[in-house]
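# Structural overview
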Amino acid sequence: SSPVKIRMGVKGMKVHPAGELKEGTGHHHIVVDGGPIDKGTVVPADATHIHYGKGQTETELELTPGPHSLTLQFANGAHQSYGQHMSSTITVTVE
């Protein structure tokens with residue numbers, strides 16, 4: 001049911017707030033009902049592409065009833081995607 005609680009993690013990198021380009025770090029984004037962002041592309045900031053630039057690793061999403069795909073995309077401090085290899089997609093059904 002909504003809100004959906006999400007816990008985010010990453011392997012091989014460290015979570016660090018946006019704004020600083022620091023080797024081996026980045027922050028999370030969730031793409032609702034969309035897929036991974038191409039490597040080097042800036043993740044858009046809109047209702048579908050949710051930024052967690054403060055370094056958050058947990059959130060709650062308000063989703064409408066029905067099936068949804070949620071893609072966790074890791075990106076650098078300038079919001080440039082690390083690509084598909086640093087993303088993961090799940091499907092949830094909200095009742």
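Residues numbered from 1 in each chain as written. Predicted model: local features only at pLDDT ≥ 70, side-chain atom pairs only at ≥ 80, totals over all residues. Heavy atoms only, no water.

### Here we look at the overall build of the chain
The test is simple: Strands are runs of DSSP state E lasting at least two residues, helices are runs of H or I lasting at least four, and both sets are numbered from the N terminus onward. Using C-alpha atoms as the atom set, the radius of gyration is obtained and then compared with a globule rule of 2.2 Å times the number of residues to the power 0.38. Only protein chains enter the accessibility calculation, which uses a 1.4 Å probe; a residue is then buried when its area is under 20% of its type maximum, exposed when over 50%, and partly exposed in between. Accessible surface area values rest on a Shrake-Rupley calculation with a 1.4 Å probe, where residue burial reflects the displayed protein chains alone. Only four residue types enter the charge count: Lys and Arg as positive, Asp and Glu as negative, with His and the chain ends excluded. The location of each charge is read from NZ of Lys, CZ of Arg, CG of Asp or CD of Glu.
A tally of regular secondary structure across the chain gives zero helices and seven strands. For 95 residues, the compact-globule estimate of 2.2 N^0.38 gives 12 Å, and the C-alpha radius of gyration of the chain, at 13 Å, lies within 12% of that figure. Each of the three principal axes of the chain carries a C-alpha extent, and together these read 40 × 25 × 20 Å. The buried share of the chain, reckoned over its 95 residues, is 39%. Within the structure as shown, the chain displays about 5,500 Å² of accessible surface, and the carbon and sulfur contribution to it stands at 51%. With 7 positive and 9 negative side-chain charges, the chain shows a separation of 11 Å between the mean positions of the two kinds.

### Focus on the pattern of salt bridges
Operational definition: The term salt bridge refers to a pairing of a side-chain nitrogen on Lys or Arg with a carboxyl oxygen on Asp or Glu at a separation within 4 Å.
All told, the structure shown has two salt bridges when counted by the stated rule. With a closest N to O distance of 3.6 Å, glutamate 58 and lysine 5 form a salt bridge. In this pair, glutamate 58 sits in strand S5 (residues 58-61) while lysine 5 sits in strand S1 (residues 4-7), placing the two residues 53 residues apart along the sequence. We note a salt bridge from glutamate 58 to arginine 7, for which the minimum N-O separation is 3.5 Å. Remark: arginine 7 occurs in strand S1 and glutamate 58 occurs in strand S5; sequence separation between them is 51 residues.

### Focus on the packing of aromatic side chains
This is how it is decided: Here a pair means two rings of Phe, Tyr or Trp (six-membered ring of Trp) with centres within 6.5 Å. Their orientation is stacked below 30 degrees between planes, edge-to-face above 60, and tilted elsewhere.
Tallied over the entire structure, the rule returns one aromatic pair. Their ring planes at 20 degrees and their centres at 6.0 Å tell us that phenylalanine 74 and tyrosine 82 sit as a pair that is stacked.

### Notes on unusual backbone geometry
Here the amide bond leading from serine 2 into proline 3 is cis, since omega sits at 5 degrees, within 30 degrees of zero. Checked against the element boundaries, proline 3 lands in the segment before S1. We note that aspartate 33 has phi near 55 degrees; this positive angle belongs to a residue other than glycine. Relative to the helices and strands, aspartate 33 is located in the loop between strand S3 (25-32) and strand S4 (49-52).

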